[in-house]
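The residues making up each chain are set out below.
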Amino acid sequence: MGKQKDNQQKRKGYSVQELIGIKTFTKYGLATNKGELLFFLVSPTNISVLSSVNIEIKIRHLMIVLSAIPNIEISCTDSCECFDDNKSYLQTRLDEEQNAKVRKILKKDVEMLDHLQTEMATARQFLFLMRCKNMKPEQVFQTANRAEKTISEQGFEVQRMKKADIKRFLAVYFGASMNGDQMPDTDGEQFYEVDEDGEIEC
């Protein structure tokens, strides 16, 4: 019991960044507690318009990628913000609201979110992730190039994600914002300026 309490107290002192295991951005990806992560964005294929033969070919190509890069991880996420929490909140407000004019406005808000969600229903993104452990920057660079080439050679439209792309993905993934690429690297850094003498001014 004492050990569990100590662990809880220790966790209370952690920042969100420490709790999810992220250290900092690197030249090629993201440094975490379990190695450097490289991100590759792979454009989705609409298999509903492909024949069964072509679908089997796509699957075979994916199997070749997984065989060539056995430690690769795949993530499928929304490429835009999810509105479920907002819709749930508005629905609760509708159930409680007595004023007819306010109810009319709330209904319009719900309809607007429904329309947006319908438009974005197919907005998915596929990420291939590679974890590089104990590698020098030049080794990470070579590994990233090799992985991108392997994925591309199997007919997948792929691009290595840069810092702004990774920030945008993390912001959507954690439900923070649609404009993650505009977020500062360090919380609050936009409120500080460095003068000519190198001193920080608020």
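Please refer to the structure placed before this passage.
Residues numbered from 1 in each chain as written. Predicted model: local features only at pLDDT ≥ 70, side-chain atom pairs only at ≥ 80, totals over all residues. Heavy atoms only, no water.

Asker: Is there a simple way to think about unusual backbone geometry in this case?
Answerer: Note on backbone geometry: most residues besides glycine have negative phi, and most peptide bonds are trans. We note that Asn134 has phi near 55°; this positive angle belongs to a residue other than glycine. Its place among the elements puts Asn134 in the loop between β5 (124-132) and α6 (137-153). The exposed category is assigned to Asn134, whose relative accessible area is 82%. (Helix = DSSP H or I, 4+ residues; strand = E, 2+ residues; numbered from the N terminus. Buried < 20%, exposed > 50% of the residue type's maximum accessible area, 1.4 Å probe, protein only.)

Asker: Looking at this model, I keep getting lost on the pattern of salt bridges. Mind explaining?
Answerer: Pairing is possible between side chains that carry opposite charge, provided their charged atoms lie close to one another. Inspection of the entire model under this criterion finds 4 salt bridges. Close ionic contact of Arg93 with Glu97 constitutes a salt bridge, the shortest N to O distance being 3.1 Å. We classify Glu97 as buried; its relative accessible area is 18%. Lys149 is the salt-bridge partner of Glu153, the closest N and O atoms lying 2.7 Å from each other. Note that Glu153 and Lys149 are positioned in helix α6 at a spacing of 4 residues, about one turn of the helix. Of the two residues examined, Glu153 and Lys149, each falls in the exposed class. (Salt bridge = Lys/Arg side-chain N within 4 Å of Asp/Glu carboxyl O.)

Asker: I tried to follow α6 on my own but got confused; where do I start?
Answerer: What sets the pattern is the α-helix's 3.6 residues per turn: residues three or four places apart point alike. Between the first and last C-alpha of α6 there are 24 Å, a value that for 17 residues agrees with the 24 Å anticipated at 1.5 Å per step. Looking at the buried residues of α6, the elements they touch are β3 (35-42), α3 (52-68), β5 and β6 (158-160). (Expected span 1.5 Å × (residues − 1). Contact = heavy atoms within 4.5 Å.)

Asker: So what exactly am I meant to see when it comes to the nonpolar core here?
Answerer: Inside soluble globular proteins, nonpolar side chains tend to come together where they are buried. Grouped together as the largest cluster of nonpolar side chains are 16 residues, with contacts concentrated most on Leu38, Phe40, Ile69, Phe128, Met130 and Ile151. Put simply, the parts of the chain that give this core at least two residues each are β3, β5 and α6. Once you skip the residues sitting within four places of it in the chain, Ile69 turns out to touch Met130, Ala147, Thr150 and Ile151. Listed in part, the 10 residues of the second largest apolar core include Ile22, Leu37, Met161 and Ile166. (Core = buried A, V, L, I, M, F, W, Y, C linked by side-chain atoms within 4.5 Å.)

Asker: I keep staring at the pairing of β3 and nothing clicks. Help me out?
Answerer: In summary, the side chains of a regular strand alternate between the two faces of the sheet. Most of β3 is tucked away, with 7 of its 8 residues classed as buried. Of the strand pairs in this sheet, strand β2 (residues 30-32) and β3 are connected by 3 bridges, and their pairing is antiparallel. Each bridged residue has a counterpart across the sheet, and for Ala31 the counterpart in β3 is Glu36. Taken together, β2 and the strand that follows it, β3, pair antiparallel across an intervening segment of 2 residues. In terms of strand pairing, β3 meets β6 through 3 bridges, oriented antiparallel. (Pairing = 2+ DSSP bridges.)

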